[in-house]
Amino acid sequence: MKFLIVGAGFSGAVLARQLAEALDCRIEVWDEREHIAGNCHTERDAATGVMVHRYGPHIFNTDSTEVWDYVRRFGEFRPFTNRVKAVTARGVFSLPINLLTINQFFGKAMGPEEAREFLRSQGDASIGEPSNFEEQALKMMGRDIYETFFKGYTIKQWGCDPKELPASVLKRLPVRFNYDDNYYDKPHQGIPAEGYTALMQNMLDHPRIEVRLGRRFEPAQLGGLAGVFDQVVFTGPIDAFFGHSEGRLGYRTVSFERIDTDVEDFQGNAVINYPELSVPWTRIHEHKHFAPWERHERTAVFREYSTETGLEDAPYYPKRLAPDKAILKRYRAMAEEHRCSVVAGRPGVSFLGRLATYRYLDMAPAIGEALDFARRLIDGVRGGQPLPVFPNEET
Ligand code: UDP
């Protein structure tokens, strides 16, 4: 059995590893970039020696023991706690919103219960079940906090009115009524000691796996791949797979601008957010602080900007607005139909991962899903059953 996995990010790498360990097979992993690890790619900065997360900060966090145990098979993780700060017109505050943020913002010294009551009084009680990001924020924390910390940032990040975004985007962030300023509330958190690329290199290091970099997959080639591969697993953007025939799915992309500096420590923290609309960037990251176990005399700092994805840009954040979901539905139907074409002498095709399923998936859930999907593929191959097309139900 011969597999082609398109994309060497976490989804592709985990799937390749699982198939290689379980089946008597050959696996090629193609990636159009010149490196593995997708948007998790890390590399040492030539000028400073700092390990840089080239496509933006990635902090591993999960409540899945299975996923946590799995990734640690391929590399050591060091503890890292993300303690984000926000620079606003009213001063610097702690994120996510916690008791320190609330007390400092309102000039008070409330305890947890008092603060909970206070924030409830600030919230808009007329909103029942919030139907979008803005309603969720106004209900939870009131206009003052929403406008200072979330409105501008969200307009910059997503390029649309927060009323158009689903409430689920805000639900990613907790509001805490204690002084816990850990950005994530998952029990397992950390960053690979040698970076994500080294970790994924170990994952892909298996005699049944061959990685081809700088190799672009053209769906039009699919017919020609019959006989070469039995099954293709595509982890790129699903709309690109179908040549955008039903339209383009909306994505935000991010770009980075290096700050020229000679200081040893530029901002004293890994991530500082800039929610003000008047500041064009969304955040500044200083990568040495993602590896506090290392020492460097110089520093590598980047401003992050968010823009609509142009034709040549890497897609990052799926927007999932209503028109996107309608387009997605059509592509999913086409993908299901494609399964039937296996008989017509083409390899079967499955879709896996954030871009291929068009969801806002963090690393750990993507890995969990790749592990599940690998089990289903392996069972399908062993049982001679039709192989699954998608890892998830349409959402
Ligand atoms: N957000 C915000 N202000 C902040 C941080 C986050 O308004 O200072 C909003 C923004 O809409 C963002 C969402 O909360 O897209 C989720 O934030 P998270 O930090 O999870 O985003 P990610 O790390 O995925 O970029």
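Preceding this paragraph is the structure being described.
These figures come from a predicted structure and were not determined experimentally. (Residues numbered from 1 in each chain as written. Predicted model: local features only at pLDDT ≥ 70, side-chain atom pairs only at ≥ 80, totals over all residues. Heavy atoms only, no water.)

A. Layout of the overall build of the protein chain. Scanning the protein chain from terminus to terminus reveals 11 helices and 17 strands. What you see for the protein chain is a C-alpha radius of gyration of 22 Å, in line with the 21 Å of a compact globule of 395 residues. Along the longest, intermediate and shortest principal axes, the C-alpha atoms of the protein chain span 70 × 50 × 35 Å. The proportion of buried residues among the 395 residues of the protein chain is 56%. Across the protein chain, contacts joining residues at least 24 apart in sequence account for 72% of those joining residues at least 6 apart. (Helix = DSSP H or I, 4+ residues; strand = E, 2+ residues; numbered from the N terminus. Rg over C-alpha atoms; globule rule 2.2 N^0.38 Å. Buried < 20%, exposed > 50% of the residue type's maximum accessible area, 1.4 Å probe, protein only. Contact = heavy atoms within 4.5 Å.)

B. The site of the ligand, seen in detail. In the vicinity of the ligand there are 16 residues, among which Arg172, Tyr183, Asn273, Tyr317 and Tyr360 approach most closely. In the environment of the ligand, an oxygen atom lies 2.8 Å from a nitrogen or oxygen atom belonging to the side chain of Thr154. Side-chain polar atom of Asn273 to an oxygen atom of the ligand: 2.8 Å apart, as the coordinates give it. Here the ligand loses 94% of its free accessible area of 520 Å² to cover by the protein chains. It is helix α5 (residues 133–158) that contributes the most residues to the shell around the ligand, 7 residues altogether. (Near = heavy atom within 4 Å. Polar contact = N/O pair within 3.5 Å; in protein donor to acceptor, adjacent residues only side chain to side chain. Areas by Shrake-Rupley, 256 points an atom, 1.4 Å probe, with all protein chains shown as cover.)

C. Region of the structure containing the packing of helix α1 (residues 10–22) against helix α7 (residues 196–204). One can describe the packing of α1 onto α7 by two numbers: an axis separation of 8 Å at closest approach and a directional angle of 30°. With respect to each other, α1 and α7 are oriented roughly parallel. When you trace α1 past α7, the crossing you get is left-handed. Note on element contacts: α7 touches α1 through Tyr196, Leu199, Met200, Asn202, Met203 and Leu204, opposite Phe10, Ala13, Val14, Ala16 and Arg17. Partitioned by chemical class, the residues of the contact of α1 with α7 number 9 nonpolar, 1 polar and 1 charged. (Axes fitted to C-alpha atoms, helices over the stretch in contact; angles between N-to-C directions. Parallel < 35°, antiparallel > 145°, perpendicular 65-115°, else oblique. Left-handed = near helix turned anticlockwise from the far one by under 90°. Nonpolar A, V, L, I, M, F, W, Y, C, P; charged D, E, K, R; others polar.)

D. Region of the structure containing the pairing of strand β2 (residues 26–31). Summarising burial for β2: 5 of the 6 residues are buried, a large majority. The pairing of strand β1 (residues 2–6) with β2 spans 5 bridges and is classified as parallel. Each bridged residue has a counterpart across the sheet, and for Val6 the counterpart in β2 is Trp30. Read from β1 through α1 to β2, the crossover connection turns out right-handed. (Pairing = 2+ DSSP bridges. Right-handed = clockwise from strand over helix to strand, strands pointing away.)

E. Structural detail: the nonpolar core. By size, the foremost hydrophobic cluster in this structure holds 83 residues, and its most contacted members are Phe10, Ile27 and Phe60. In this structure, Phe10 is in contact with Cys40, Tyr196, Leu199, Met200, Met203, Met363 and Ile367, ignoring residues within four places of it in sequence. With 25 residues, the next largest nonpolar core counts Val6, Val232, Ile238 and Val349 among its residues. (Core = buried A, V, L, I, M, F, W, Y, C linked by side-chain atoms within 4.5 Å.)

F. A look at the sheet that holds strand β9 (residues 188–192). With antiparallel pairing, 3 strands are arranged side by side in an open sheet as β5-β9-β6. Pairing within the sheet leaves two strands with one partner each, and these edge strands are β5 (60–62) and β6 (77–78). Here 2 bridges tie β6 to β9, and the two strands are oriented antiparallel to one another. Within β9, the residue paired with Arg78 across the bridge is Ile191. Set on the sheet, α7 makes contact with β5, β6 and β9; between it and β9 the angle comes to about 90°.

G. Region of interest: the sheet that holds strand β16 (residues 317–318). Sheet architecture is open: 7 strands sit in the order β8-β7-β13-β14-β15-β12-β16, paired in mixed fashion. Both edges of this open sheet fall to β8 (91–94) and β16, since each of them pairs with a single strand only. Strand direction decides the pairing type here: strand β12 (residues 251–258) and strand β15 (residues 301–308), joined by 7 bridges, are antiparallel. Of the residues in β15, the one forming a bridge with Ser255 is Tyr305.

H. Highlighting the pattern of salt bridges. Across all of its chains, the model carries 33 salt bridges by this definition. In this structure, Lys2 engages Glu28 in a salt bridge whose closest nitrogen and oxygen atoms are separated by 3.4 Å. Linking Lys2 in strand β1 with Glu28 in strand β2, this pair joins segments that are 26 residues apart in sequence. Here Glu210 ties to Arg26 by a salt bridge, and the two come within 3.9 Å at their closest N and O atoms. Taken together, the residues Glu210 in strand β10 (residues 209–213) and Arg26 in strand β2 connect sequence positions 184 residues apart. With a relative accessible area of 31%, Glu210 lands in the partly exposed category. For Arg26, a relative accessible area of 36% translates into the label partly exposed. One continuous salt-bridge network, built from bridges that share partners, spans Lys2, Arg26, Glu28, Glu210 and Arg212. (Salt bridge = Lys/Arg side-chain N within 4 Å of Asp/Glu carboxyl O.)

I. How the structure looks around the pairing of strand β11 (residues 231–234). On β11, burial covers both faces: Gln231 and Val233 on one face and Val232 and Phe234 on the other are all buried. Relative to strand β17 (residues 348–351), β11 runs parallel, the two being bridged by 4 bridges. Note that in β17 the partner of Val233 across the bridge is Ser350.

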